[in-house]
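What the coordinates show
What follows is the residue order along each chain.
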Amino acid sequence: MNILGIETSCDETAAAVVKDGKEVLSSIVASQADLFAKHGGVIPEIASRKHLEMLTPVINEALEKAGLNPNDIDGVAYTKEPGLLPALLVGISHAKALALSLGVPAIPINHLEAHVYANSLTSSADKKEGIPYPHICLLVSGGHTSILFVESPTKYKTLGQTRDDAAGEAFDKVARLLGLPYPGGPIIDKMAQDGDPASIKFPRPMMDTEDYDFSFSGLKTAVLHEVKRRVEISDELSDELKDQLDYNWKADIAASFQEAVADVLIYKTMNAAIEKNVDTISLAGGVAANSRLREKMIRAANDLGIDVRYPDLKMCMDNAAMVAGLGYHMIKELKN
Ligand code: KG4
Ligand code: ZN
């Protein structure tokens, strides 16, 4: 069964074809990130207009790369929610019209469930087939941060979530404080490699609570104070020294901030895995691409004999293969 996936919830126009819920025949993503780099975030109306312009060519490319005609498609899965409404509407209306014209089902998909499902695609970076159920999933994207108890591709319970900023949002805001472009996560990840993660003791918010909730806004404020302090020192330096030192202290802040976020995410995820007695943890969403988070999570989990699964870098970010893959299971459930 070939499912065409369509994803337009934020600033990526994406289409993909996935066979039998697993095999990614094509996955095309047209990112608008460059448009928003200097704004520090996505402007929904601009994103929506760009989706309108890009969606048809992206779908055509996905079909062509999969070597299929529209008539070979057995269903059109599309991201219904959550996301930016003007952006979502472009994908929703296009998917429904296309499904109607092809005489196949249109399948609404929850974007977060699709991120979790990315671990079941065969292109996953860990090269392991399928994922055991139940497992604990740490879902960390630009809009959401949650710990989920996942019982099947279509069934999960939320054990905890952020009370304010999402982890990805915190990365984006801290990048802005450091004068870095949007999206901040990949740049902080890279810059952190030049910094010392132990140089600044940023708070680890909510590490002392027994629930699975998070809060990142206090950490962001701590970074703001540190940035202000460094800027004052830096203003007193000569120009030659300033550039080099500015990079060094920014790298230290990036590394120390990233370490604090990773520590909290790992601590809570491990506690959930222990309490629920599962032997698998999965990572999902854009922040799951973070190299330090992956490395530390694998180390912590392996010490306890727990396996960590994570999607290929491209499949962590918004894409339509995860939407199409989950769509296959939705259709199967409807038929049963
Ligand atoms: O899942 P995603 O592509 O979109 C949403 O559904 O939100 O996640 C985007 C988020 C952005 O906040 C971005 O800064 C963050 O994922 N991100 C990262 C990394 N790559 C992307 N955060 C930390 N480290 C990364 N390597
Ligand atoms: Zn997403």
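Residue glutamate 81 is joined to proline 82 through a cis peptide bond whose omega torsion reads -15°. Summarising the element assignment, proline 82 is placed in the loop between strand E4 (75-81) and helix H3 (85-102). Note that the residue after tyrosine 182, namely proline 183, is joined by a cis bond; omega there is -5°. With a phi angle near 50°, aspartate 20 is a residue other than glycine that sits in the positive phi range. On the secondary structure map, aspartate 20 appears in the loop between strand E2 (12-19) and strand E3 (23-31).

Quick look at the sheet that holds E3 now. Strand order across the open sheet formed by 5 strands is E3-E2-E1-E4-E5, with mixed pairing between neighbours. Looking at the sheet topology across the chains shown, the edges are occupied by E3 and strand E5 (106-110). Each strand of the sheet is rotated relative to its neighbour by a mean of 20°, with strand direction disregarded. Where E2 lies against E3, 8 bridges are found, and the strand directions are antiparallel.

Looking now at the domain arrangement of the protein chain. Looking at the protein chain, the domain boundaries give domain 1 (2-118 + 316-335) and domain 2 (124-310). The C-alpha centroid of domain 2 is placed 27 Å from the C-alpha centroid of domain 1. Every contact between the two is made by 21 residues of domain 1 and, on the other side, 19 residues of domain 2. For the pair domain 1 and domain 2, the two sides together bury roughly 1700 Å², of which 68% comes from carbon and sulfur. Of all residues in domain 1, the largest losses of buried area upon contact with domain 2 belong to Leu112, Val116 and Cys316, amounting jointly to 32% of the total for that side.

In this section: the side chain of glutamate 259. If you trace the backbone, glutamate 259 turns up in helix H8 (residues 239-276). A relative accessible area of 8% means that glutamate 259 is categorised as buried. Within polar-contact distance, the side chain of glutamate 259 engages the side chain of arginine 292 at 2.8 Å. Not counting residues within four places of it along the chain, the set of residues in contact with glutamate 259 comprises Pro197, Arg204, Arg292 and Lys296.

Of all residues adjacent to ligand 1, which total 21 residues, the nearest are Gly142, Asp172, Gly185, Asp189 and Gly286. Contact distances for ligand 1 include 2.7 Å between an oxygen atom and a backbone N or O atom of glycine 142. In the model, an oxygen atom of ligand 1 is placed 2.7 Å from a nitrogen or oxygen of the aspartate 172 side chain. Relative to its free-state accessible area of 560 Å², ligand 1 is covered by the protein chains to the extent of 91%. Every element with two or more residues in the shell around ligand 1 is listed here: helix H4 (111-117), helix H5 (167-177) and helix H6 (184-192). A per-element tally of the shell around ligand 1 places H6 first, with 4 residues. Tallied by class, the residues present in the shell around ligand 1 amount to 7 nonpolar, 11 polar and 3 charged. Here the shell around ligand 1 spans two domains, since at least three of its residues come from each of domain 1 (2-118 + 316-335) and domain 2 (124-310).

Counting buried positions over the 8 residues of E2 gives 7, a clear majority of the element. When strand E1 (residues 2-7) meets E2, the two strands line up antiparallel, connected through 6 bridges. Each bridged residue has a counterpart across the sheet, and for isoleucine 3 the counterpart in E2 is valine 18. Between E1 and E2, which pair antiparallel in sequence order, lie 4 residues.

Thresholds, definitions, all that
- Residues numbered from 1 in each chain as written.
- Chains lettered and ligands numbered in written order.
- Predicted model: local features only at pLDDT ≥ 70, side-chain atom pairs only at ≥ 80, totals over all residues.
- Heavy atoms only, no water.
- Helix = DSSP H or I, 4+ residues; strand = E, 2+ residues; numbered from the N terminus.
- Pairing = 2+ DSSP bridges.
- Axes fitted to C-alpha atoms, helices over the stretch in contact; angles between N-to-C directions.
- Domains from an automatic or database assignment.
- Contact = heavy atoms within 4.5 Å.
- Buried area = accessible area lost by both parts, 1.4 Å probe.
- Buried < 20%, exposed > 50% of the residue type's maximum accessible area, 1.4 Å probe, protein only.
- Polar contact = N/O pair within 3.5 Å; in protein donor to acceptor, adjacent residues only side chain to side chain.
- Near = heavy atom within 4 Å.
- Areas by Shrake-Rupley, 256 points an atom, 1.4 Å probe, with all protein chains shown as cover.
- Nonpolar A, V, L, I, M, F, W, Y, C, P; charged D, E, K, R; others polar.

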